[in-house]
Structures are given as structure tokens and as C-alpha cells.
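What the coordinates show
Here is how the chains run, residue by residue.
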Amino acid sequence: MLKHVILPLTLACSSAAFADHRGSSFSHTQYAKVTHVQPIYERIAFNAPVEQCWQETVSRQRNSSVPVFGAILGGALGNELGHRKSNKRVGTVVGAVLGATVAADISRQRSSGHYETVNRCEVQQRQEWRDEVVGYDVSYRYQGEIYHTRLPYNPGKEIEIEVNVTPRG
């Protein structure tokens, strides 16, 4: 008895499914052979860093420690010339200032600056162009017919296609 109920129920369900497909479209996936692939190029501008270097002659002054020694010597001398404690302090300060000034003047007269050649570099941006692949024109064969499409990637030897079947009328 169970056999008599299941068989008609199965047939009824499958005929309902079949009837449902006849009224609408049906699609499935297949593979087609790729016959031709042509890359599509676009000219792209970009900034490239370029380092530019040159040589430059600059004047250098020698650092001299003579003014420091002049200040010490002048301070000691001013301290020795003072008779009282307050005079010794004033003499030390005045002697240090005068000693540093005189030593700096002598140092400037004796030491002449010299010139050096130094390397200087800077990075600048230069606009350059390159050709970049932006897509592919693809030709493929399906059931003896040639079709064309544009894709963002190279599909290789086969392309996956979706086949739609729709009843006429």
C-alpha cells in the first residue's frame, strides 16, 4: 500500500517541477574554448623620484679656542692688579672681557677661512608614462559560433559561460 502512495506522489512532484521550468527560463554553466585574447593598454602618468646632485664650493671658518684662553689670562691678570677684595672682583671681570676681545681680534687676523667643495643633492619629482593593461578583449567559440567579450583578467584556454534557455512564444 505504501508503494502505491509513494509512486504517484513522486510523479506528481516531478511533473510539477517540470511544469514550472516550462513557464520560465533555465540557465546553467558550461565552458567554451577561447580562440583569441587581446590585452587592452592604457597610458598612465606617474611621478618618479629623481635625485639630482652637484658640487658646491663653500667658505669655512676655523673654530678657535684663543678667545677662551684670552678671557682666562685677562681675568687672572685683572685679579692680580686689584688691591682689595672688591677691586680684585672688578679687575677679574674687566680683565676677562678685555682679554677675550683682544684674543678674538688676534684670532681673526691670523686665521683665514678656507674653502671646501661639498656635495649637495635633492630629490625632485618627474612625470613619466607607462602602458598598463586595463583589461582583455576575448573571443571564444560556443556551439560553432564565435562570441566576443571584455574581461578584467586573462581567462586562459577556456572561459566559463552561463547558458540561458527561454521558451519561445
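The text that follows walks through the structure, step by step, so that each part is easy to find. (Residues numbered from 1 in each chain as written. Predicted model: local features only at pLDDT ≥ 70, side-chain atom pairs only at ≥ 80, totals over all residues. Heavy atoms only, no water.)

Time to look at the nonpolar core. Formed by Ala32, Val34, Tyr136, Val138, Tyr140, Tyr142, Leu151, Ile159, Ile161 and Val163, the largest nonpolar core amounts to 10 residues. Taken together, the elements giving at least two residues each to this core come down to strand E1 (26–60), strand E2 (114–142) and strand E4 (158–165). In terms of residue count, the dominant contributor to this core is E2 (4 residues). (Core = buried A, V, L, I, M, F, W, Y, C linked by side-chain atoms within 4.5 Å. Buried < 20%, exposed > 50% of the residue type's maximum accessible area, 1.4 Å probe, protein only. Helix = DSSP H or I, 4+ residues; strand = E, 2+ residues; numbered from the N terminus.)

Our next topic: the side chain of Ser139. For Ser139, the position within the fold is in strand E2. A relative accessible area of 11% means that Ser139 is categorised as buried. Within polar-contact distance, the side chain of Ser139 engages the side chain of His148 at 2.9 Å. For Ser139, the residues in contact, after removing those within four places along its chain, are Val34, Thr35, His36, Ile146, Tyr147 and His148. (Polar contact = N/O pair within 3.5 Å; in protein donor to acceptor, adjacent residues only side chain to side chain. Contact = heavy atoms within 4.5 Å.)

Tallied over the entire structure, the rule returns 1 aromatic pair. Judged by centre distance (5.7 Å) and plane angle (25°), the rings of Tyr140 and Tyr147 are stacked. Taking relative accessible area as the criterion, Tyr140 reaches 13% and is therefore assigned buried. The ring of Phe46 has Arg130 sitting right over it, with the charged end atom 4.4 Å from the ring centre. (Phe/Tyr/Trp six-rings, centres within 6.5 Å; stacked < 30°, edge-to-face > 60°. Lys NZ or Arg CZ within 6 Å of the ring centre and 35° of its normal.)

Another point: the pairing of E2. Pairing between E1 and E2: 27 bridges, direction antiparallel. Residue pairing for E2: Ser59 is matched across the bridge by Tyr115. One ladder, built from 7 bridges, connects E2 with strand E3 (residues 145–151); its direction is antiparallel. Considered in E3, the bridge of Val138 is made with Thr149. (Pairing = 2+ DSSP bridges.)

This part covers the sheet that holds E2. The strand order E3-E2-E1-E4 describes an open sheet built from 4 strands, whose pairing is antiparallel. Each of the sheet's edge strands pairs with one partner strand only, and the pair in question is E3 and E4. Each adjacent strand pair in this sheet contributes to an overall mean axis angle of 25°, direction not counted. (Axes fitted to C-alpha atoms, helices over the stretch in contact; angles between N-to-C directions.)

Purely geometric stuff here, so don't read any function into it on its own.
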